[in-house]
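Each chain is listed here by its residues.
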Amino acid sequence: MTDDFSSEISLEVNDVTHRLPVDNRRTLLDALREDVGHTGPKKGCDHGQCGACTVLVDGRRVVSCLTLAVATEGARVTTVEGLAGDGGLRPLQEAFVRLDGFQCGFCTPGQLCSAVGMLTEHAAGWPSAATAEFSPDLPTAELDAAEVRERMSGNLCRCGAYPSIVRAVLETAAREAVNG
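In short, a report on the structure. (Residues numbered from 1 in each chain as written. Predicted model: local features only at pLDDT ≥ 70, side-chain atom pairs only at ≥ 80, totals over all residues. Heavy atoms only, no water.)

### Points about the nonpolar core
Then, in step 1: Core analysis: the largest hydrophobic core is formed by 23 residues, its most contacted members being Leu 83, Leu 92, Ile 165 and Val 169.
Then, in step 2: Of all the secondary structure elements, the ones that give two or more residues to this core are helix H2 (91–98), helix H3 (108–123) and helix H5 (162–179).
Then, in step 3: Per element, the largest residue contribution to this core is 6 residues, and it comes from H3.
Then, in step 4: When sequence neighbours within four positions are dropped, the list of residues in contact with Val 169 reads Leu 92, Ala 115, Met 118, Leu 119 and Val 148.
Then, in step 5: Core analysis: the second largest hydrophobic core is formed by 14 residues, Leu 32, Val 36, Val 55 and Ala 75 among them. (Core = buried A, V, L, I, M, F, W, Y, C linked by side-chain atoms within 4.5 Å. Buried < 20%, exposed > 50% of the residue type's maximum accessible area, 1.4 Å probe, protein only. Helix = DSSP H or I, 4+ residues; strand = E, 2+ residues; numbered from the N terminus. Contact = heavy atoms within 4.5 Å.)

So this is what it looks like as structure tokens:
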């Protein structure tokens, strides 16, 4: 790696700041797994098609295999390892476990990060391709199974745990709506 093709970046991963020398062509996924040591995000297809590498960058979900590490300079990255807090699982993680939202577990880190991101997007009123009616003046529509499936469609599960994943997301959304 020559100086012409490298940069030093600052990256906050799960509330810990890291200074990393990276090749400008290095993906965020490789930096997270190999340089920082967070192996939760998985290298599935390496083409941005399976979602196994999904993480949150400044609260927005991204496929880290297609994101250059240098493009996240100064960003706040959350991997599956950073979702839980205070030593306990967050409600979405508990629902995944209780409702069997995973089988082999390979896609689960990306599914969880994507679900956290999509619940935030929905709460902010962002429509999806399945949103029946959208207007900035209308209240956010309640999540239903079709909305969840559409919003999570970028995350593949080769084991077919989709019904349980949808139930876990819907249950968590309902619980968050009640608890405010």
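Structure's up, so let's keep going.
### Focus on the sheet that holds strand S4 (residues 60–63)
Then, in step 1: One open sheet holds the 5 strands; their spatial order is S2-S1-S5-S3-S4, and the pairing between them is mixed. Whereas interior strands pair on both sides, the edge strands pair on one side only; in this sheet they are strand S2 (16–23) and S4. Each neighbouring strand pair of the sheet contributes to a mean axis angle of 40 degrees, computed without reference to strand direction.
Then, in step 2: As paired elements, strand S3 (residues 54–57) and strand S5 (residues 76–78) share 2 bridges and run antiparallel to each other. Across the sheet, Leu 56 pairs through a bridge with Thr 78, a residue of S5.
Then, in step 3: Taken strand by strand, helix H1 (residues 28–36) contacts strand S1 (6–13), S2, S3 and S5, and its axis lies near 110 degrees from that of S2.
Then, in step 4: Of the strands in this sheet, S3, S4 and S5 touch H3, which is tilted by about 40 degrees from S3. (Pairing = 2+ DSSP bridges. Axes fitted to C-alpha atoms, helices over the stretch in contact; angles between N-to-C directions.)

### Describing the environment of Phe 106
Then, in step 1: Along the chain, Phe 106 falls in the loop between H2 and H3.
Then, in step 2: C-alpha of Phe 106 to C-alpha of Arg 76: the two residues are 30 residues apart in sequence and 24 Å apart in space.
Then, in step 3: Apart from residues lying up to four places away in sequence, Phe 106 is in contact with Lys 42, Lys 43, Gly 44 and Ala 52.

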